[in-house]
Structures are given as C-alpha cells and as structure tokens.
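Report on the structure
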Amino acid sequence: MESRGGDAEAAGGPRVLVVGGGIAGLAAAQRLCGHPAFPHLRVLEATARAGGRIRSERSFGGVAEVGAHWIHGPSRGNPVFQLAAKYGLLGEKELSEENQQVETGGHLGLPSACYASSGASVSLQLVAEMASLFYGLIDQTREFLHSAETPVPSVGEYLKREIRRHVAGWTGDEEAKKLKLAVLNTFFNVECCISGTHSMDLVALAPFGEYSVLPGLDCTFPGGYQGLTNRMVASLPEDVMVFNKPVKTIHWKGSFQEAALPGETFPVLVECEDGSHFPAHHVIVTVPLGFLKERLDTFFDPPLPTEKAEAIRKIGFGTNNKIFLEFEEPFWEPDCQIIQVVWEDSSPLEDAAPSLQDAWFKKLIGFLVLPAFESAHVLCGFIAGLESEFMETLSDEEVLQSLTQVLRRVTAADSVRGGSHTPDLLLHDARGSAVRLEGGRPPLGSVGPAGAAAQAQAVAGPACSAPVLGRLGPCFPLTDDFQSGLDWGCQ
C-alpha cells in the first residue's frame, strides 16, 4: 500500500482524504488545513490540474470561461465572493456596496439587441414586457415551496397554464400574438439553461423555491475564474495535492493496515486506477454528480445505503454547452452586452418537436458579449438540453455551417458596423483539433448577404454537465419518492 508523509503521520492525528480537486474539494482542503486536528490531509485529483469545471481559456488573447462564468449574488453572504475579494481578484465596481445591494431575483439581464429569425429586429420594449410577465410567473413558482400540494406537477406546466390565461386577454393581430409567444419561448430556453434541464416540464414545482437568491449584480473575474482556484491551491501546503490519481473504488466500513504504521488500522481504503492505495480515517467525496451516476455500482464497496443511492439516481441532471465566436471587427454596438435570438415559429404552448438535425440551433438563447480584449471581439452562446447533446455529435464543420447560417439569417436586415455578420469561423473543440472554414464562402442554404469576410473563431466548450446547487441545477425531477438531497459529503 502507498503511504505518504512518513514519520509525520506516525505522530498521530486522523488521516483525511478529499476525492476531487474541484472548488468543493479545494474548499474542504482549505478548511481542514487551517485546523490543527487534521494534520494529515491529501487531495486526490484525477487530472493534471485543479479546478474541475472551473476552466479559463486564453485562446483569444482574452479570457473565455469554458466552465463556471459568473459569481451569482456577489455579496457578503456568498463565500465565493468573499474568497474572490480576499484574494483581490475583483475590480472596484464588483466590490462596491452599490453592486452588492442590487436585487436581481436571480434573473438574467435584458438583451441589448434582439433579432428575430427572419432577420428583423425585435422591439426591446416588447422583450421587456414579456420578460416582466415571464419572470413574474417564475417568482410565483417559489410560493409553492411549503405547500401541501401543487396545482400542477411541474414548473413548465404552471408557466404554460398561466401564460394561456394572459394570452386570452391579449389584443392585437395574430402576428403580434405569435411574436409575443416566440419571445416567451426564448425565455423558456433561458430558464432551461439556468436550471440545467431540457424542458421546464421536467422540473418539479414543489421544491423549485428552495433556491435562495442572494443580492448583488452577477459579476465575472477580470483575470479569469480559474484565478480563484489557482489561489486556493497556492494556499495549501505543497504536498497536499496529488494529481493524476483517478479513484477507482472507495472501500469503506473496513479495517485496513499499512506497513509504515504497524498496529494502526484505517476504516477506509481508497483504491486508484493505477493500483495505488490510500488508507484513511475519513474521506470526503466531491466528485461530480454525473460521475457518481455513471460509476455508482462500482465506486463504493460496500454499496451506499439504498436511500443515498436512490437520491443520486433520481436527482435531475442536464447538459449545457457554450459556444464562443471571435470576430476581428464586431457587428454589434459598443455598449451591447446581450444579443437575444427569437425564433418566430416557436411557442411555449405548442409541443412541436422538429428533428434535431434541422433545428438543434433553435435552442440557442442568444449570445453574451464578452469584454473586448485588444483586437479580440467575442460572443458566447449558450445552449441546453437534448439539442446541446445533439450538437456534440456533429462534426466541427457541421456546427460551424449551422452557426454561420444562423448569424447571417438573424442579422440580415441590420446594418454592418465595421465588420461582417458572416465571418470565417475557427472552431476549437477541447476534445479535438482546430478547424477553419476558409474563403468566407457561404454555407449551403445560407440566408442573407455574404458581406466582407472577417476572421473569427468559435470555441465549443465541452458539455458542462455538472450540477450546481439550487436553480442552476440539479433540477428537481418529477418522482414521488425523490430524495430531496444528499446528507453526506460535499457536492
């Protein structure tokens, strides 16, 4: 068996292992390292780096957050904000009292520009009107948290029921009503990204209000989110982190020995994929929920108690992806922050299910404009659900062709401001190689004028299938015997 620490461990004190070097594992290690009762601590990380799904890339010269993006609710009650402030990773605006006191209700900000799929601009006043309706209904769903029963099982059913009531009172022509419903459908897609689900019909209404919204205007790290986990690692003693140690099985409820410590017994033995073993008194498991779902039958020996295994199996789990597009020249205005895309043939009240091959990109909620960095101008798109998973099955070229077509279609009627809506694209998938579409040639079936070709890049991030607490996932599935959470370890 492998032993680490030599004579220091013979001095006594419990040996603690943390499995997983993401932010949860690092936070646990920080807390334990600061406590004199836990002198023997190791963090076993499966990869060559810490941070888990917090990953900041600098492929564009600037910062692209492939994983975690914002601090949600950056105020005194938020431990991530407190750590970021302690390490000096935030700017003056993010640290201001004014920023900390903003009440957002946990809702995404309104777009700076909104395009319809036909290429026409959508009135921002109409978007704001529909946002007020939608987010008002979302706030109402929280009121059922402690109710003995709910009027409908899911959040999606509740939203659609209430929207039908509003639609009955709408005036104006049918085209105007269809556009309103299409805008509302975009907000449904936004909520799917926030909740990490394919459809809000899959999210149970009763526990939806468990998520507590902290005050503070969502903010980002100017130097990258990964700066936080890098500082957390740097705060630990040198020998705490053990990289490239994927864990195979955690043997618990046992009595294990180690040659270096004769007479000492350990109740847990962590077996790694490379054959090494780490006996311990205590183990904190911080691996992702998706990993637990996939490896549940072999990761624990003996198996977890039935109620805990069922909780892992039944907690909802979805897929989010990001898509980054970099332009030499922006086609959006300098003060633009969010570009929304509305598909005019969509409605939350219809269950139309077009083939994913033809319509996966319609789940895109639009693009976030990242801060400009020197000559880099970057848009970040978000997509969730089955469409997001389908996108992963496509080749780089197919993704690029579809995105180019979408950009041309939705911005066809808008004036070009110093650049082109139809740039060349470079896709760099974290799991593959870079691919460039040369020549600025329009893809087959493209819509809108070709314009002058402007160089751009697109980075499709790997599936961010990681749950976070509350409305950001895991979503609460519709099962009567759903266990409300895990009462052990760290998520």
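Higher on the page you've got the structure.
Definitions and limits used
Residues numbered from 1 in each chain as written. Predicted model: local features only at pLDDT ≥ 70, side-chain atom pairs only at ≥ 80, totals over all residues. Heavy atoms only, no water. Salt bridge = Lys/Arg side-chain N within 4 Å of Asp/Glu carboxyl O. Helix = DSSP H or I, 4+ residues; strand = E, 2+ residues; numbered from the N terminus. Buried < 20%, exposed > 50% of the residue type's maximum accessible area, 1.4 Å probe, protein only. Pairing = 2+ DSSP bridges. Expected span 1.5 Å × (residues − 1). Axes fitted to C-alpha atoms, helices over the stretch in contact; angles between N-to-C directions. Parallel < 35°, antiparallel > 145°, perpendicular 65-115°, else oblique. Left-handed = near helix turned anticlockwise from the far one by under 90°. Contact = heavy atoms within 4.5 Å. Nonpolar A, V, L, I, M, F, W, Y, C, P; charged D, E, K, R; others polar. Core = buried A, V, L, I, M, F, W, Y, C linked by side-chain atoms within 4.5 Å. Arc of directions from axis to C-beta.

Moving on: the pattern of salt bridges. All told, the structure shown has 18 salt bridges when counted by the stated rule. Note that Asp201 is salt-bridged to Lys160, the shortest N-O span being 2.8 Å. Here Asp201 is found in the loop between helix 8 (174-195) and helix 9 (226-234), whereas its partner Lys160 is found in helix 7 (residues 155-167), with 41 residues between them in sequence. By relative accessible area, Lys160 is classed as buried at 10%. The network of salt bridges with shared partners includes Asp297, Glu310, Arg313 and Lys314.

This part is about the pairing of strand 10 (residues 268-272). Among the five residues in strand 10, five count as buried, and that is most of the element. Neither face of strand 10 is open: one carries Val268, Val270 and Cys272, the other Leu269 and Glu271, and all of them are buried. The pairing of strand 7 (residues 247-251) with strand 10 spans four bridges and is classified as antiparallel. Along strand 10, the bridge assignment pairs Val247 with Cys272. With four bridges connecting them, strand 10 and strand 11 (residues 277-280) associate as antiparallel partners.

What follows covers helix 14 (residues 396-410). Spanning 15 residues, helix 14 covers 21 Å between terminal C-alpha atoms, matching the ideal 21 Å at 1.5 Å per step. A large share of helix 14 lies buried, amounting to twelve of its 15 residues. Those residues of helix 14 that sit buried are Asp396, Val399, Leu400, Ser402, Leu403, Thr404, Gln405, Val406, Leu407, Arg408, Arg409 and Val410.

The next subject is the packing of helix 6 (residues 124-141) against helix 7. At their nearest, the axes of helix 6 and helix 7 sit 10 Å apart, and the two run at 130 degrees to each other. In terms of their interaxial angle, helix 6 and helix 7 are classed as oblique. Judged by the twist between their axes, the crossing of helix 6 over helix 7 is right-handed. From helix 6, Leu133, Phe134, Leu137, Ile138, Gln140 and Thr141 reach across to helix 7, where they touch Val155, Tyr158, Leu159, Glu162, Ile163 and His166. Of the residues belonging to the contact of helix 6 with helix 7, the class tally is eight nonpolar, three polar and one charged.

With that settled, consider the sheet that holds strand 12 (residues 282-285). In spatial order, the strands read 6-2-1-12; together these four strands make up an open sheet with parallel pairing. Each edge of the sheet is formed by a strand with only one pairing partner; in this case those strands are strand 6 (241-242) and strand 12. Two elements, strand 1 (residues 15-19) and strand 12, share four bridges in a ladder whose sense is parallel. Across the sheet, Val16 pairs through a bridge with His282, a residue of strand 12. Against the sheet, helix 2 (residues 23-33) touches strand 1, strand 2 (40-44), strand 6 and strand 12, its axis set at about 170 degrees to strand 2.

In this structure, Phe134, Val183, Leu184 and Phe187 are the most contacted members of the largest nonpolar core, which totals 46 residues. Of all the elements in the fold, those that place two or more residues in this core are strand 5 (113-116), helix 6, helix 7, helix 8, strand 15 (338-342) and strand 17 (377-384). At ten residues, the largest contribution of residues to this core is made by helix 8. Those residues in contact with Phe134, other than ones at most four positions away along the chain, are Leu159, Leu184, Phe187, Phe188 and Glu191.

Taken together, the buried positions of helix 10 (residues 289-299) are occupied by Leu289, Leu292, Leu296 and Phe299. Seen end-on, helix 10 carries its buried residues on one side only, within an arc spanning 110 degrees. Of the exposed residues in helix 10, the ones pointing more than 90 degrees away from its buried face are Glu294 and Asp297. On its buried face, helix 10 is in contact with strand 1, strand 7, strand 12, strand 13 (300-301) and helix 11 (306-314).

Turning our attention to unusual backbone geometry. A cis amide bond links Asp301 to the next residue, Pro302, at an omega of 0 degrees. By the element assignment, Pro302 lies in the loop between strand 13 and helix 11. Although it is not a glycine, Asn244 sits at a positive phi angle of roughly 55 degrees. Looking at where Asn244 falls in the secondary structure, it is placed in the loop between strand 6 and strand 7. The phi dihedral of Lys253 falls on the positive side, at around 60 degrees, and the residue is not glycine. Note on placement: Lys253 falls in the loop between strand 7 and strand 8 (256-257). Residue classification places Lys253 among the exposed positions, given a relative accessible area of 67%.

Spatially, 11-10-7-13 is the arrangement adopted by the four strands of the open sheet, whose pairing is mixed. For this open sheet the edge positions go to strand 11 and strand 13, each flanked by a neighbour on one side alone.

Among the eight residues of strand 17, eight are classified as buried, and the element is accordingly described as predominantly covered. Both faces of strand 17 are covered, namely the face carrying His377, Leu379, Gly381 and Ile383 and the face carrying Val378, Cys380, Phe382 and Ala384. Bridge analysis of strand 14 (residues 320-327) against strand 17 gives eight bridges, and the strand direction is antiparallel. By the bridge assignment for strand 17, Phe327 is matched with His377.

Below, the discussion takes up the environment of Ala128. Here Ala128 lies in helix 6. C-alpha separation for the pair Ala128 and Pro111, spaced 17 residues apart in sequence, amounts to 8.8 Å.

The topology assignment puts Asp301 in strand 13. In the structure, Asp301 is positioned 32 residues away from Leu269 in sequence and 9.7 Å away in space, judged by C-alpha atoms. Among residues more than four places away in sequence, those in contact with Asp301 are Thr249, Ile250, His251 and Trp252.

Further remarks concern the packing of helix 10 against helix 11. Axis separation between helix 10 and helix 11 bottoms out at 9 Å; the angle between their running directions is 125 degrees. As summarised for this structure, helix 10 and helix 11 are arranged oblique, according to the angle between their axes. Helix 11 is crossed by helix 10, and the crossing has left-handed handedness. On the side of helix 10, the interface is formed by Leu289, Leu292, Lys293, Leu296 and Asp297, while helix 11 contributes Ala309, Ile312, Arg313 and Lys314. For the contact of helix 10 with helix 11, the residue count by class is five nonpolar, no polar and four charged.

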